[in-house]
Amino acid sequence: MATYREVQTAVRVEKLRIWFAWACGNFILLAIALATQHVHIVSVVTQLLLVAGFLALTIALFRMTGALNRKAAEARKDVLGDV
(Lines give C-alpha, C1' and ligand atoms only; values in the text may rest on other atoms or scores of the structure.)
Protein backbone atom coordinates (compact mmCIF):
# COMPACT_ATOMS: atom_id res chain seq x y z
CA MET A 1 0.00 0.00 0.00
CA ALA A 2 1.27 3.46 -0.89
CA THR A 3 2.06 5.94 1.82
CA TYR A 4 0.31 9.29 2.06
CA ARG A 5 3.48 11.10 0.96
CA GLU A 6 3.77 8.95 -2.17
CA VAL A 7 0.14 9.65 -3.05
CA GLN A 8 0.59 13.39 -2.47
CA THR A 9 3.71 13.42 -4.65
CA ALA A 10 1.92 11.54 -7.43
CA VAL A 11 -1.07 13.89 -7.23
CA ARG A 12 1.20 16.95 -7.34
CA VAL A 13 3.03 15.61 -10.40
CA GLU A 14 -0.24 14.83 -12.18
CA LYS A 15 -1.57 18.31 -11.42
CA LEU A 16 1.58 19.86 -12.88
CA ARG A 17 1.15 17.72 -16.00
CA ILE A 18 -2.48 18.76 -16.33
CA TRP A 19 -1.65 22.47 -15.95
CA PHE A 20 1.22 22.15 -18.43
CA ALA A 21 -1.05 20.44 -20.97
CA TRP A 22 -3.67 23.18 -20.45
CA ALA A 23 -1.07 25.92 -21.03
CA CYS A 24 0.33 24.18 -24.12
CA GLY A 25 -3.13 23.63 -25.57
CA ASN A 26 -4.07 27.27 -25.09
CA PHE A 27 -0.74 28.39 -26.55
CA ILE A 28 -1.36 26.28 -29.66
CA LEU A 29 -4.89 27.67 -30.01
CA LEU A 30 -3.58 31.22 -29.63
CA ALA A 31 -0.81 30.64 -32.17
CA ILE A 32 -3.35 29.36 -34.71
CA ALA A 33 -5.63 32.33 -34.07
CA LEU A 34 -2.75 34.80 -34.47
CA ALA A 35 -1.55 33.09 -37.66
CA THR A 36 -4.97 33.49 -39.28
CA GLN A 37 -5.91 36.93 -37.96
CA HIS A 38 -5.51 38.66 -41.34
CA VAL A 39 -7.72 36.23 -43.28
CA HIS A 40 -11.15 37.65 -42.50
CA ILE A 41 -13.57 34.70 -42.55
CA VAL A 42 -10.96 32.24 -41.30
CA SER A 43 -10.11 34.66 -38.49
CA VAL A 44 -13.71 34.68 -37.26
CA VAL A 45 -13.87 30.89 -37.34
CA THR A 46 -10.56 30.48 -35.52
CA GLN A 47 -11.57 33.01 -32.88
CA LEU A 48 -14.74 31.03 -32.22
CA LEU A 49 -12.72 27.82 -32.07
CA LEU A 50 -10.25 29.53 -29.74
CA VAL A 51 -13.02 30.41 -27.30
CA ALA A 52 -14.60 26.95 -27.53
CA GLY A 53 -11.21 25.25 -27.12
CA PHE A 54 -10.30 27.43 -24.16
CA LEU A 55 -13.58 26.62 -22.43
CA ALA A 56 -13.23 22.89 -23.13
CA LEU A 57 -9.65 22.80 -21.87
CA THR A 58 -10.52 24.81 -18.76
CA ILE A 59 -13.48 22.59 -17.88
CA ALA A 60 -11.33 19.48 -18.33
CA LEU A 61 -8.59 21.04 -16.20
CA PHE A 62 -10.87 21.72 -13.24
CA ARG A 63 -12.66 18.37 -13.48
CA MET A 64 -9.36 16.47 -13.51
CA THR A 65 -7.93 18.57 -10.69
CA GLY A 66 -11.06 17.96 -8.62
CA ALA A 67 -10.80 14.21 -9.20
CA LEU A 68 -7.18 14.24 -8.07
CA ASN A 69 -8.12 16.23 -4.96
CA ARG A 70 -10.78 13.64 -4.09
CA LYS A 71 -8.24 10.85 -4.60
CA ALA A 72 -5.76 12.60 -2.30
CA ALA A 73 -8.45 13.11 0.35
CA GLU A 74 -9.37 9.41 0.25
CA ALA A 75 -5.71 8.44 0.56
CA ARG A 76 -5.35 10.79 3.50
CA LYS A 77 -8.31 9.17 5.23
CA ASP A 78 -6.90 5.69 4.59
CA VAL A 79 -3.42 6.53 5.87
CA LEU A 80 -4.38 8.68 8.84
CA GLY A 81 -7.49 6.74 9.81
CA ASP A 82 -9.81 9.76 9.70
CA VAL A 83 -13.52 9.13 9.63
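Everything below is about the structure shown above.
Residues numbered from 1 in each chain as written. Predicted model: local features only at pLDDT ≥ 70, side-chain atom pairs only at ≥ 80, totals over all residues. Heavy atoms only, no water.

### A closer look at the side chain of threonine 58
Residue placement: threonine 58 occurs in helix 2 (residues 40-80). Polar contacts involving the side chain of threonine 58 include one to the side chain of tryptophan 22, which spans 3.2 Å. (Helix = DSSP H or I, 4+ residues; strand = E, 2+ residues; numbered from the N terminus. Polar contact = N/O pair within 3.5 Å; in protein donor to acceptor, adjacent residues only side chain to side chain.)

### Regarding helix 1 (residues 4-35)
The terminal C-alpha atoms of helix 1, which comprises 32 residues, lie 46 Å apart, in line with the 46 Å expected from a rise of 1.5 Å per residue. Considered for burial, the residues of helix 1 that qualify are Val7, Val11, Ile18, Gly25, Asn26 and Ala33. For helix 1, the secondary structure elements touched by its buried residues are helix 2. (Expected span 1.5 Å × (residues − 1). Buried < 20%, exposed > 50% of the residue type's maximum accessible area, 1.4 Å probe, protein only. Contact = heavy atoms within 4.5 Å.)

### Regarding the nonpolar core
Counting residues in hydrophobic clusters, the biggest one holds 7 residues: Val7, Val11, Ile18, Leu61, Leu68, Ala72 and Ala75. Of all the elements in the fold, those that place two or more residues in this core are helix 1 and helix 2. In terms of residues, this core owes the most to one element, helix 2, which gives 4 residues. The residues touching leucine 61, leaving out its near neighbours within four places in the chain, are Ile18, Trp19 and Trp22. (Core = buried A, V, L, I, M, F, W, Y, C linked by side-chain atoms within 4.5 Å.)

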